[in-house]
Amino acid sequence: MITEIINKYLSNEASEQEVQTLFEWIEASEENKKQFITIKKTWALAALTENISADTAPVIKIKPKKKNRKYFQYAAIFVVLLSLVKIAVNFNHKAKHSKEIVLELGNGQTEYITKNNQSNIVNDKGELIAKKLSGQIVYFGKTKDEEVIYNSLKVPYGKTFKLTLSDGTVINLNSGTTLRYPEQFGINGKRIVYLTGEAFFEVAKDKEHPFIVNANEADIEVLGTKFNVSAYPETPTINSVLTEGSIRMYETKNPSNSVLLRPNQMATWQNNSKKITTRSVDPAFYSAWTKGELTFHDTPFSTIAKIIQRTYDVEIINKNSDLAKQNFTGTIKISESSVENILELLKRDTPFEYSIHKNTITITNLP
């Protein structure tokens, strides 16, 4: 069944429900992600066969029926495999090492968002639906429910990005975050987006169309409000901090397992126990990253290391057992601080040595 959905998705023929099923399957395990990436690359390579010249490989112009399409594509790949090896290697290298923000369109096309590629985005009818600006994308309008198309925006380590959805909702995306969202929301129904990572939402009010953030096993539902959601895959919890308005966090598969938040509260979903807990917090602490700051309050070094890795696009290997036990409090301005600056500050409290090789930092005990 999932293979059929993948083929429909790559052909831009999948329904919204099928797209949702596919992305839930992809996020279920690393093996599923790898399988999907492999199939997608195979599909992309097959599409290139039409552009291979006669002196490079046989020209293949078979246009099979849809039910047989995937078999002809694999045959085509086999025929032209040698001529495509260089293209595939370059593609893999670029995808793996790209430091750019990646926009995956619903039709399978991929774009790299840079400061210099400002442009307008139009739909198949030639209608303006979005503008790509420096550091953000702004979408417009609504569409028929059956024509809703989902895009995915992937923000790499070391970068943040701003997105305005077609309903006016503004989303700040933190480093290492992926958001799947409709190009244009439907006229009816709910406004649903899918988050992996961290984002701060300023949701446009619309009582007729509740806004829902799906973060793996938990959903956050709102009408119009400001809140932060942190749902990185390497963390066994999902945190939502409410700044303004009201939100409800609930278990995706069991909506009755829910809590209602008031401003200055945080809800935490536990992946293992399937429980949601709440406590009072200072919301400014959790949204400081949107203002270019890293704020810690009695924060374990293991957590700080993960934040530094995402913010500065580095890898930290800690071999200092004393440092691993320490908690730290303070505020750092990202634009005014380097990783070295931060490490030097931490050394004042807990002495250690460190070495930097390319983008890998190894922390060790003093000799």
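Residues numbered from 1 in each chain as written. Predicted model: local features only at pLDDT ≥ 70, side-chain atom pairs only at ≥ 80, totals over all residues. Heavy atoms only, no water.

**Notes on the overall build of the protein**
The secondary structure content of the protein amounts to eight helices and 25 strands. Here the protein holds 367 residues, and the buried ones make up 43% of them. For the protein, contacts bridging at least 24 residues in sequence account for 50% of all contacts bridging at least 6. (Helix = DSSP H or I, 4+ residues; strand = E, 2+ residues; numbered from the N terminus. Buried < 20%, exposed > 50% of the residue type's maximum accessible area, 1.4 Å probe, protein only. Contact = heavy atoms within 4.5 Å.)

**Some details on the environment of Pro351**
Within the element layout of this structure, Pro351 appears in the loop between helix 8 (339-349) and strand 24 (353-357). As a C-alpha pair, Pro351 and Asp322 span 29 residues in sequence and 9.0 Å in three-dimensional space. Sequence-distant contacts of Pro351, defined by excluding residues within four places in its chain, comprise Asn320 and Leu366.

**Looking at the pairing of strand 13 (residues 211-215)**
Counting buried residues along strand 13, five of its five residues qualify, which places the element largely inside the surrounding structure. Where burial is concerned, the two faces of strand 13 agree: the one with Phe211, Val213 and Ala215 and the one with Ile212 and Asn214 are both buried. With four bridges connecting them, strand 12 (residues 191-202) and strand 13 associate as parallel partners. The partner of Val193 across the bridge, within strand 13, is Val213. Sheet topology places strand 13 next to strand 14 (residues 218-222); five bridges connect them, and they run antiparallel. From the neighbouring strand, Ile212 faces strand 14, where its bridge partner is Glu221. Hairpin remark: strand 13 followed by strand 14, antiparallel, with two residues in the connecting loop; positive phi at Asn216, about 65 degrees. (Pairing = 2+ DSSP bridges.)

**A look at the sheet that holds strand 22 (residues 315-318)**
A sheet is described by the order of its strands in space; here three strands give the open sequence 22-25-24, paired in mixed fashion. Two strands lie at the open edges of the sheet, namely strand 22 and strand 24, each paired on one side alone. Each strand of the sheet is rotated relative to its neighbour by a mean of 20 degrees, with strand direction disregarded. Note that strand 24 and strand 25 (residues 360-364) share five bridges and pair antiparallel. Bridged to Glu353 within strand 25 is Thr364. Along the sheet, helix 8 makes contact with strand 24 and strand 25, crossing strand 24 at roughly 170 degrees. (Axes fitted to C-alpha atoms, helices over the stretch in contact; angles between N-to-C directions.)

**With respect to the confidence of the model for the protein**
Confidence in the prediction for the protein averages 81 pLDDT; 81% of positions are at 70 or higher. Confidence, read as mean pLDDT per element, is least for helix 4 (residues 69-97) in the protein (37) and greatest for strand 9 (residues 170-173) (97). Segment residues 47-97 is flagged for pLDDT under 50; beyond a separation of four residues in sequence, or across chains, it makes 34 contacts in the model. (pLDDT = per-residue confidence, 0-100.)

**Quick word on unusual backbone geometry**
The phi angle at Asn216 is positive, at roughly 65 degrees, despite the residue not being glycine. As for its placement among the helices and strands, Asn216 is situated in the loop between strand 13 and strand 14. Phi is positive for Lys358, which is not a glycine, with a value near 60 degrees. Here Lys358 shows up in the loop between strand 24 and strand 25.

**A few points about helix 6 (residues 301-312)**
Because the α-helix completes a turn every 3.6 residues, residues three or four places apart line up on one side. Helix length check: helix 6 (12 residues) gives 16 Å between terminal C-alpha atoms against 16 Å at 1.5 Å per residue, within 8%. Summarising burial for helix 6: nine of the 12 residues are buried, a large majority. Every buried residue belonging to helix 6 is among Phe301, Ile304, Ala305, Ile307, Ile308, Gln309, Arg310, Thr311 and Tyr312, and all of these are buried. One or two positions beyond helix 6, positive phi appears at Asp313, with a value near 55 degrees. (Expected span 1.5 Å × (residues − 1).)

**As for the pattern of salt bridges**
This model, assessed by the stated rule, comprises 10 salt bridges. Put simply, Glu104 and Lys154 hold a salt bridge, and the shortest N to O gap is 3.4 Å. Of the two residues, Glu104 is situated in strand 1 (residues 101-104) and Lys154 in strand 7 (residues 150-155); the sequence distance between them amounts to 50 residues. On the basis of relative accessible area, Glu104 is assigned to the buried category, the value being 14%. Residue Lys154 is classed as partly exposed on the basis of its relative accessible area, which comes to 33%. With its nearest N and O atoms 3.0 Å apart, the salt bridge here joins Arg310 to Glu234. Residue Arg310 is located in helix 6, and its partner Glu234 is located in the loop between strand 15 (226-231) and strand 16 (237-244); the two are separated by 76 residues in the primary sequence. (Salt bridge = Lys/Arg side-chain N within 4 Å of Asp/Glu carboxyl O.)

**Looking at the pairing of strand 19 (residues 265-270)**
Where burial is concerned, most of strand 19 is hidden: five out of the six residues are buried. By the bridge criterion, five bridges tie strand 16 to strand 19 in an arrangement that is antiparallel. Its bridge partner being in strand 19, Ser240 is matched across the sheet by Ala267. Pairing geometry for strand 19 and strand 20 (residues 276-280), over five bridges, is antiparallel. The residue bridging Gln265 from the neighbouring strand is Ser280, located in strand 20.

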